Amino acid sequence: MKNKEKGFTLIELLAVIVILAIIALIATPIVLNIISNTKENAQLRSAEMYLNAVRVGSAFTGRLQISNVTVAGKITPTASKVGGVVGTAKYTKIDDCVNEIDITTDATLSYVSGIVAFVDSDWRGNGGSVYVTNCHNKGNILIPNGNYICGIMGYAQTDGVVSESYNTGEICGLTIVGGIAGKLQGYTKPCAVNNCYNLGKVSSSTNSHSLVGGIIGELYNNVSLTNCYNAGPCYY
């Protein structure tokens, strides 16, 4: 007597497929969430390691260093001293950084820049010492009611230096607007812009006392400008 082998019926196969599909629908978002959380945790660990390295380096050298950073996105600031890479800095070297963030608002603000917004120092001239080298601003910095608006360095009272850097983003502010720097003063130590260029449009939203420049909006006292050129349109 032969044994008859019994297989799955079509209905049973369809039932199994339906069950697997339901499991997949439930499991897929969970798995994707786990992957996303893993990536975020890895990014946080990387950022923490970078910050720890910066702290250790500054402990030995007395100077912070920010290198090889590229940022992208969009910022709508609600306060002053906003930079694509750094808001306020002193005793800092910034090298090989690129800003692709568009920074735009109609609020009344001061010191907004693609790389570093404000070089910090007191009335005696203590502080400063911020050196920006080989950096590029691609972002549009559009603050029509703002002062000290620029592509690379917003304001430095003393010892702010920008070298081998350039701007290709559009820059717009109310007064003191520059393709590379807003205002450099050179109070106790000289400020300088060396080997830089601007290709972006630079403009003021007013036609009265606007202080607009393809390279620097305003310079005062001990400031040098060496081997720089502007090929972008300037409107004021």
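Presented here is a report on the structure given in the accompanying data block.

Definitions and cut-offs
- Residues numbered from 1 in each chain as written.
- Predicted model: local features only at pLDDT ≥ 70, side-chain atom pairs only at ≥ 80, totals over all residues.
- Heavy atoms only, no water.
- Core = buried A, V, L, I, M, F, W, Y, C linked by side-chain atoms within 4.5 Å.
- Buried < 20%, exposed > 50% of the residue type's maximum accessible area, 1.4 Å probe, protein only.
- Helix = DSSP H or I, 4+ residues; strand = E, 2+ residues; numbered from the N terminus.
- Contact = heavy atoms within 4.5 Å.
- Phe/Tyr/Trp six-rings, centres within 6.5 Å; stacked < 30°, edge-to-face > 60°.
- Lys NZ or Arg CZ within 6 Å of the ring centre and 35° of its normal.

## Points about the nonpolar core
- If you look at the biggest cluster of nonpolar residues, it comprises 24 residues, and the most contacted ones within it are I94, V116, V132, M153 and L184.
- Elements with a minimum of two residues in this core: β4 (86–89), β8 (116–119), β9 (130–133), β13 (153–156), β18 (181–184) and β19 (191–194).
- Other than its neighbours up to four places away in sequence, L184 contacts M153, A156, C191, A192, V193, I216, E218, L219, Y220 and V223.
- Membership of the second largest hydrophobic core comes to twelve residues, among which are I101, L109, V112 and I171.

## A closer look at the packing of aromatic side chains
- The tally for this structure, following the rule as stated, stands at seven aromatic pairs.
- On the basis of an interplanar angle of 20° and a centroid distance of 4.6 Å, the ring pair of Y111 and Y148 is categorised as stacked. Residue Y111 is found in strand β7 (residues 110–113), and its partner Y148 is found in strand β12 (residues 147–150); the two are separated by 37 residues along the sequence. Each member of the pair, Y111 together with Y148, is buried.
- An angle of 5° between the planes, with centres 5.1 Å apart, marks the rings of Y197 and Y229 as stacked. Of this pair, Y197 sits in strand β20 (residues 197–198) while Y229 sits in strand β25 (residues 229–230); the two residues are 32 residues apart in sequence, bridging distant segments of the chain.
- Residue class for Y197 comes out partly exposed when judged on its relative accessible area of 24%.
- We classify Y229 as partly exposed; its relative accessible area is 46%.
- The ring of F118 carries K81 above its face, with NZ or CZ at 4.1 Å from the centroid.
- One residue, K183, lies across the ring of Y220, its end atom 6.0 Å from the ring centre.

Function cannot be inferred from these measures alone, as they are strictly geometric.
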